[in-house]
Amino acid sequence: GRDSLWTHYFQSSKIGNRINVIYRDKFDTLWIGTNNGISYGTNCSDLNRIECAVGSQVTAITEDRENNIWFGTNNGQLYFYDRISCQRSLVQLPNAPPITCMILDSLGYLWIGTLENGIYRLHLNWRVFNKSNSGIEDNFINDIVEDHQGNLWIATDNKYLFKYQNRKFEKFEVYTRIEGMNEVN
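This report concerns the structure included in the present document. As the structure is a computational prediction, the values presented were derived from the model and not from experiment. (Residues numbered from 1 in each chain as written. Predicted model: local features only at pLDDT ≥ 70, side-chain atom pairs only at ≥ 80, totals over all residues. Heavy atoms only, no water.)

1. Re the nonpolar core
And then number 1: Trp-111, Ile-119, Ile-144, Ile-154 and Phe-169 are the most contacted members of the largest nonpolar core, which totals 14 residues.
And then number 2: Elements that contribute at least two residues to this core include exactly strand 9 (99–104), strand 13 (141–146), strand 14 (152–156) and strand 15 (160–165).
And then number 3: Those residues in contact with Trp-111, other than ones at most four positions away along the chain, are Cys-101, Met-102, Ile-103, Asp-105, Ile-119, Tyr-120, Arg-121, Phe-129, Ile-144, Leu-152 and Tyr-164. (Core = buried A, V, L, I, M, F, W, Y, C linked by side-chain atoms within 4.5 Å. Buried < 20%, exposed > 50% of the residue type's maximum accessible area, 1.4 Å probe, protein only. Helix = DSSP H or I, 4+ residues; strand = E, 2+ residues; numbered from the N terminus. Contact = heavy atoms within 4.5 Å.)

2. Side note on unusual backbone geometry
And then number 1: Here Asp-28, not a glycine, exhibits a phi torsion of approximately 65°, which is positive.
And then number 2: Within the secondary structure, Asp-28 sits in the loop between strand 1 (19–24) and strand 2 (30–34).
And then number 3: Accessibility expressed as a relative area gives 46% for Asp-28, which makes it partly exposed.

3. Digging into the pairing of strand 7 (residues 78–82)
And then number 1: Burial runs high along strand 7: four of the five residues are buried.
And then number 2: Sheet topology places strand 6 (residues 69–73) next to strand 7; four bridges connect them, and they run antiparallel. Bridging from a neighbouring strand, Ile-69 pairs with Tyr-81 of strand 7.
And then number 3: Linking strand 6 back to strand 7 in an antiparallel pair, the connection comprises four residues, with Gly-76 at a positive phi of about 80°.
And then number 4: Across five bridges, the pairing between strand 7 and strand 8 (residues 87–91) is antiparallel. Pairing of Asp-82 across the sheet is with Gln-87, part of strand 8.
And then number 5: Hairpin connection of strand 7 to strand 8: four residues between the antiparallel strands, including Cys-86 at a positive phi of 60°. (Pairing = 2+ DSSP bridges.)

4. A short note on the packing of aromatic side chains
We describe a pair of aromatic rings using the distance from one ring centre to the other and the angle between the two ring planes.
And then number 1: Applying the stated criterion across every chain yields a total of 13 aromatic pairs.
And then number 2: The interplanar angle of 20° and the centroid separation of 5.2 Å between the aromatic rings of Phe-71 and Tyr-79 together place this pair among those described as stacked. Residue Phe-71 shares its accessibility class with Tyr-79, and that shared class is buried.
And then number 3: Here a set of aromatic residues connected by ring pairs shows up, and it is made of Trp-111, Phe-129, Tyr-164 and Phe-169. (Phe/Tyr/Trp six-rings, centres within 6.5 Å; stacked < 30°, edge-to-face > 60°.)

5. Concerning the pattern of salt bridges
Two side chains that carry opposite charge are able to pair once their charged atoms sit near each other.
And then number 1: Summed over all chains, the structure comprises four salt bridges.
And then number 2: Put simply, Lys-171 and Glu-137 hold a salt bridge, and the shortest N to O gap is 3.1 Å. Taken together, the residues Lys-171 in strand 16 (residues 168–173) and Glu-137 in the loop between strand 12 (126–129) and strand 13 connect sequence positions 34 residues apart.
And then number 3: Beyond isolated ion pairs, a larger network of salt bridges with shared partners links Asp-25, Glu-63 and Arg-83. (Salt bridge = Lys/Arg side-chain N within 4 Å of Asp/Glu carboxyl O.)

6. Details of the sheet that holds strand 12
Hydrogen bonds along the backbone pair up the strands of a sheet, which may run parallel or antiparallel.
And then number 1: Strand order in the open sheet formed by four strands is 9-10-11-12, with antiparallel pairing between adjacent strands. The outermost strands of the open sheet, each flanked by one partner alone, are strand 9 and strand 12. Within this sheet the neighbouring strands show an average axis-to-axis angle of 20°, counted without direction. (Axes fitted to C-alpha atoms, helices over the stretch in contact; angles between N-to-C directions.)

7. Details of the environment of Pro-97
And then number 1: The residue Pro-97 is located in the loop between strand 8 and strand 9 in this model.
And then number 2: Given the relative accessible area of 2%, Pro-97 is considered buried.
And then number 3: Taking C-alpha positions, Pro-97 is 6.4 Å from Asn-75, a pair spaced 22 residues apart along the chain.
And then number 4: Setting aside residues up to four positions removed in sequence, Pro-97 forms contacts with Asn-75, Gly-76, Thr-114, Asn-117 and Tyr-120.

8. As for the sheet that holds strand 7
And then number 1: Judged by pairing direction, the sheet is antiparallel, and its four strands sit side by side in the order 5-6-7-8 without closing on themselves. Here the strands that pair on one side only, and so sit at the sheet edges, are strand 5 (58–63) and strand 8. For this sheet, the mean angle separating the axes of adjacent strands, direction not counted, is 25°.

Laid out in structure tokens, this is it:
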């Protein structure tokens, strides 16, 4: 029957009790960000573990063009994991805000959404986009995705969606039926 399609895994000490984010890389390795660090492997029964600083919850994971893994934490720590040397390095993020999401775009820029300071972009240097210096009207970033045309879409906490295109942000307001949006037939 259909039950044979599902496999149940019991809680593993390598995963912990809370999963915050899951990322599958180009080699089909599963990266699992938890309240206790990060676990990775090709299946849930054979996982390896990378420790983070005490109290760090891994909240965002992405992969760069050299197949290295980047992961961010709720206390503003940004880690770089070199697959060849199997070494983890701490990268200094200015002002260390809580990290909510990360994406490497098609141009090779690393975009990092934060809980309080807007968006950080890393290419050769850090660049920060927030309420005071860009078209973003909210410093609480929930998610960042890239579409097929290379535009970035940024979801914020105050019902705004922003599109980053041609070096500028365009705001889209999100409405619900309760707020006056008519039902679409």
